[in-house]
Amino acid sequence: MSKDNGDLKASYNVPNLERGLLIIELLANHKKGLTLSEIIESLDISKSSAFRIVSTLIFKNYLQKNETTKKITLSRKLMTLGVSSINEQSIVELSIDVMRALRDELKESVMLGVIIDNKGAILEQVSSSYPVKLYVEQGTHFYLHSSVGGKSILAFLPDEELDVMLKSMTLKRLTNNTIISKKSFREELNAVKEKGYAIDNGEDIQGIHCIGAPIFNEYGYPVSALWITAPHGRLPHDEFEKKGKIVAKYALEISSKLGYIKP
């Protein structure tokens, strides 16, 4: 590095910003979180400086703190920024062939979506082979509590992160089948985690059924969801289990492309 470049680096160095980035990088390597004392010890930062930086990052929702364990972890907001940076570049590119294969097998419209803050968003879709189909534009938002995209991802979040998400959610009634009790919704997510796939029993749009499954990254974190959607007559209740396993199989194929290894 030339002397000029070294001087330039020194001129534009912002110590607290640098310390904040070090804290974020440290927590990225400690998925279960660290206490403030552990952060101070690991990075050799003064207690007052670490407290101010961590407090600011929590206030801006980049970090979150469990008041029981005192553990500080990366927030959904920060993880979403990381996921969004690779969505167009890799998730869609790695998913599109699998989505087409799923559409060819089941003939129904196939959707790919992610969670952004407290909403879901459609990244990509492959239209059904049938004349009557549901079409949704890219970027369309969807509710988390009434959709298989939301359920598929939420069910596999770390417990602490899920607790934070549920506290901030309002379970709005959209149809007669929408789950509006948080206790019932948590039970629903437990069932999704056990089965490996999620069901939308006309909970978002009356008469429309959906079946979805999570997509994991190399760390086993649910970064996206894959699902099919169809009129209830083409996707009746007695086919939920059979087609749920098929959707989960294709979702796992995408996960494998992202580096995920099933336990």
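Caption draft 1: Looking closely at the overall build of the protein. Helix and strand counts for the protein stand at 9 helices and 8 strands. Taking all 263 residues of the protein together, the buried fraction comes to 45%. Pairs at least 24 apart in sequence give 59% of the contacts found in the protein among residues at least 6 apart.

Caption draft 2: Expanded view of unusual backbone geometry. One non-glycine residue, Asp 44, lies in the positive phi region at around 55 degrees. By the secondary structure assignment, Asp 44 is in the loop between helix H3 (36–43) and helix H4 (47–59). For Lys 107, which is not a glycine, the phi torsion comes out positive at approximately 75 degrees. By secondary structure assignment, the location of Lys 107 is in the loop between helix H5 (76–106) and strand S3 (109–116). The class of Lys 107 is partly exposed, set by a relative accessible area of 37%.

Caption draft 3: Broad picture of the nonpolar core. Counting residues in hydrophobic clusters, the biggest one holds 58 residues, and the most contacted among them are Leu 102, Leu 154 and Leu 226. The element best represented in this core is H5, accounting for 7 residues. Sequence-distant contacts of Leu 154, defined by excluding residues within four places in its chain, comprise Ile 115, Leu 144, Leu 162, Met 165, Met 169, Phe 185 and Leu 189. In this structure, Leu 27, Leu 34, Ile 40 and Leu 57 belong to the second largest nonpolar core, which totals 15 residues.

Caption draft 4: Inspection of the pattern of salt bridges at higher detail. A complete count under the given rule lists 10 salt bridges for this structure. With a shortest N-O distance of 2.9 Å, Asp 163 and Arg 186 are connected by a salt bridge. Here the residue Asp 163 occupies a position in helix H7 (residues 159–168), and Arg 186 occupies one in helix H8 (residues 182–195), the gap between them amounting to 23 residues. Linking Glu 239 and Lys 243 is a salt bridge whose minimum nitrogen-to-oxygen distance equals 2.7 Å. With relative accessibility at 12%, the residue Lys 243 sits in the buried group. The network of salt bridges with shared partners includes Lys 151, Glu 188 and Glu 203.

Caption draft 5: Spotlight on H7. For H7, the full list of buried residues reads Glu 161, Leu 162, Met 165 and Leu 166. Along the axis of H7, the buried positions cluster into a sector of 135 degrees, meaning they face one direction only.

Caption draft 6: Seen up close, a nonpolar patch on the surface. Taken together, the side chains of Val 14, Leu 17 and Leu 21 present a nonpolar region at the surface, about 270 Å² in accessible area. Within the fold, Leu 17 resides in helix H2 (residues 15–28).

Caption draft 7: Structural detail: the packing of aromatic side chains. Per the counting criterion, the structure on display carries 3 aromatic pairs. Measuring from centroid to centroid gives 5.5 Å for Phe 142 and Trp 227, while their planes differ by 75 degrees, and the two rings are edge-to-face. Of the two residues, Phe 142 is situated in strand S5 (residues 141–142) and Trp 227 in strand S8 (residues 222–231); the sequence distance between them amounts to 85 residues. For Trp 227, a relative accessible area of 6% corresponds to the buried category. Joined through ring pairs, the aromatic side chains of Phe 156, Phe 216 and Tyr 260 make up one cluster.

Caption draft 8: Structural view of the sheet that holds S5. Spatially, 6 strands are ordered S5-S4-S3-S8-S7-S6 in an open sheet, and the strand pairing comes out antiparallel. Of all strands in the sheet, those bounded by a partner on one side alone are S5 and strand S6 (198–201). Pairing analysis gives 4 bridges linking S6 to strand S7 (residues 208–216), with the strands arranged antiparallel. Its bridge partner being in S7, Asn 201 is matched across the sheet by His 209. Contacts between helix H9 (residues 240–257) and the sheet are confined to S6, S7 and S8, with S7 contributing the most and set at about 30 degrees to the helix.

Caption draft 9: View of the side chain of Ser 128. Residue placement: Ser 128 occurs in the loop between strand S4 (119–126) and S5. Among the polar contacts listed, one links the side chain of Ser 128 to the backbone oxygen of Lys 107, at a separation of 2.7 Å. The residues contacting Ser 128, other than those within four sequence positions of it, are Arg 103, Lys 107, Glu 108, Ser 109, Lys 133 and Arg 234.

So, how was this worked out
Numbers given to residues run from 1 along each chain, matching the order in which its sequence is written. Local features in this predicted model are restricted to residues of pLDDT 70 or higher, and side-chain atom pairs are both shown and tallied only at a pLDDT of 80 or more, whereas totals for entire chains, interfaces and linings draw on every residue. To get the side-chain values, all heavy atoms of the structure are used, and hydrogens and water are removed first. Strands here mean DSSP runs of E at least two residues long; helices mean DSSP runs of H or I at least four residues long; both are numbered from the N terminus. Burial classification: accessible surface area is computed with a 1.4 Å probe over protein chains only, and a residue below 20% of its type maximum counts as buried, one above 50% as exposed, and the rest as partly exposed. Two residues qualify as a contact provided that any one of their heavy atoms is within 4.5 Å of a heavy atom in the partner residue. Take the buried Ala, Val, Leu, Ile, Met, Phe, Trp, Tyr and Cys residues and link them wherever side-chain atoms come within 4.5 Å; each set so joined is a nonpolar core. By salt bridge we mean one thing: a side-chain nitrogen of Lys or Arg within 4 Å of a carboxyl oxygen of Asp or Glu. Here the arc refers to the directions that run from the helix axis out to each C-beta atom. Here the term patch refers to residues with relative accessible area over 30% and no salt bridge, with like charges joined within 9 Å and nonpolar side chains (Val, Leu, Ile, Met, Phe, Trp, Tyr) within 5 Å. Every accessible area reported is derived by Shrake-Rupley at a probe size of 1.4 Å, with residue values counting cover from the shown protein chains alone. Pairing of aromatic side chains requires ring centres within 6.5 Å, counting the rings of Phe and Tyr and the six-membered ring of Trp. Pairs whose planes differ by under 30 degrees are stacked, by over 60 edge-to-face, and all others tilted. When DSSP locates at least two bridges between a pair of strands, those strands are taken to pair. Axis lines are fitted through C-alpha atoms, for helices just across the contact stretch, and the angle between N-to-C directions can take any value from 0 to 180 degrees. A 3.5 Å cut-off defines polar contacts: any pair of N or O atoms within that distance qualifies, except that in protein one atom must be a possible hydrogen donor and the other a possible acceptor, and neighbouring residues in sequence count only when both atoms are side-chain atoms.

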